[in-house]
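Chain and residue survey
Here's the letter readout for the chains.
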Amino acid sequence: MPTTALRNIGTLVTNDPALGEGPLGLRDDAAIVFEDARVVWVGDSRDVPAADTGFDLGGRAVLPGFVESHSHLVFAGDRAEEFAARMSGRPYTAGGIRTTIEATRAATDEQLAGNVRRLLDESVRAGSTTVEIKSGYGQTVDDELRSVRIAGRFTDEVTLLAAHVPPPEYAGRTDEYVTMVVEQMIPVCAPHVRWIDVFCEQGAFDRDQAHAVLRAGIAHGLVPRVHGNQLHQGPGVQLAVELGAASVDHVAHVNRADIDALAGSETVATVLPGADFCTRNSYPDARALIDAGVTVALGADCNPGTSYTTSLPFCIALAVRELHMTPDEAVWAATAGGAKALRRTDIGTLSPGSRADIVALDAPSHLHLAYRPGVPLISQVWRDGVLAVTNTGVAQ
């Protein structure tokens, strides 16, 4: 197979401490070679072996492609007016999801798929090379099934989030909706998804209801994830740890027992500061989580109501400024952390054998992602070893 070499790299983030300095495995004046969508060599630029194609990056930083482990891309419509009202003082209560349910049910498959494609194009231009996609805006058996099938056209990381909020027709009958999810939706959708998720929160599903959904998903071979502790301190974190969930996402309101439980588990805490930015919710205390030994991932949580962004660079800047993460920690969380939240070992790193998902920045160091917030620094993106985005004319 043809080989490709990237040489004259400024700072290379490998996320492999065996290859460089610190947890990020940093190397300066580095080079990387990939073949057949896999990294085959990492070293100093002066030692780079001959390759069929070469790119002189002119001192640009290189890092693994961002791993977006939390997104809601199968939807129709938008909620800009709701956002404006919230910025004027109206609190977020999760009720606006029902607006998106109505629009999504009314959309055609082609409209939904077109929207997913548009948002994924945005994502890759922002450096995301792996994106998990959730359902959750259909909430009938047929609409959830078509949602996960549409998501499956674009990613292997598909999540069934039928238990997002109780739909309008089940107002006051949440237990009946949970029964329908358990007995009808999960069996039909399970062959098309990898993950089962639930929003365990006041106004959505309580602990017992969330437990029933997750256990049913596990019984059908799905791996649990949890939306937990977003708006209030609640049972989401403890439930995620109890059931061995891959991740519990949001974690804006946690107590010491929650932190200790996460630290003693394999469950990743995924912070989603874009949602807190857009809802004026409290930001997670990522510093307390990291200092306790919790594995932290960072996601953009693209959705039409509470975080309509596909930009993990934006979320990295937020994480550094508002969650008190260091720039190194935020970059790790958006790459290797996201991979751990998806239980993947082939992405989130740049070492021999890893997938050739690579981002080059129009900057000499990964630090500029937080140092220059809002600046479009993504210069080039390779996905599966194929150049997917280029903003410069450096190919030779």
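What this report covers is the structure whose coordinates are included nearby. In this text the structure is predicted, and so the values were computed from the model without any measurement.

Turning to the nonpolar core, a few remarks are in order. Across soluble globular proteins, nonpolar side chains have a tendency to be buried as a group. Core analysis: the biggest nonpolar cluster contains 91 residues, and L289 and L298 have the highest contact counts within it. If one sorts the elements of this core by residue count, helix α5 (residues 174–189) sits on top with seven residues. Residues within four places of L289 in sequence aside, it is in contact with V251, I259, L262, A269, V271, V294 and V296. Among the nonpolar cores identified, the runner-up in size contains 17 residues, and L12, A30, F55 and W382 belong to it.

Before going further, it helps to spend a moment on the layout of surface pockets. In this structure, the largest pocket spans a volume of roughly 290 Å³. The wall of the largest pocket is formed by 16 residues, among which T129, T130, V131, F154 and T155 lie closest to the centre. Take the lining of the largest pocket: its biggest share by element is five residues, from helix α3 (residues 109–125).

Looking now at the packing of aromatic side chains. Within the structure shown, the criterion is met by seven aromatic pairs. Here the aromatic rings of F75 and Y308 are separated by 5.8 Å at their centres, their planes lie at 70 degrees, and the arrangement is edge-to-face. Of this pair, F75 sits in the loop between β6 (66–68) and α1 (80–87) while Y308 is found in the loop between β15 (296–298) and α11 (312–322), placing the two residues 233 residues apart along the sequence. Between R173 and the ring centre of Y170, over which it is positioned, the NZ or CZ distance is 4.6 Å. Sitting above the plane of the W195 ring, R225 keeps its charged end 4.3 Å from the centroid.

Parameters at a glance
- Residues numbered from 1 in each chain as written.
- Predicted model: local features only at pLDDT ≥ 70, side-chain atom pairs only at ≥ 80, totals over all residues.
- Heavy atoms only, no water.
- Core = buried A, V, L, I, M, F, W, Y, C linked by side-chain atoms within 4.5 Å.
- Buried < 20%, exposed > 50% of the residue type's maximum accessible area, 1.4 Å probe, protein only.
- Helix = DSSP H or I, 4+ residues; strand = E, 2+ residues; numbered from the N terminus.
- Contact = heavy atoms within 4.5 Å.
- 1 Å grid on protein atoms, 1.4 Å probe; cavity = no way out; pocket = protein on both sides within 12 Å on 5 of 7 lines; lining within 4 Å.
- Points joined across faces, edges and corners; volume = space filled by probe spheres on them.
- Phe/Tyr/Trp six-rings, centres within 6.5 Å; stacked < 30°, edge-to-face > 60°.
- Lys NZ or Arg CZ within 6 Å of the ring centre and 35° of its normal.

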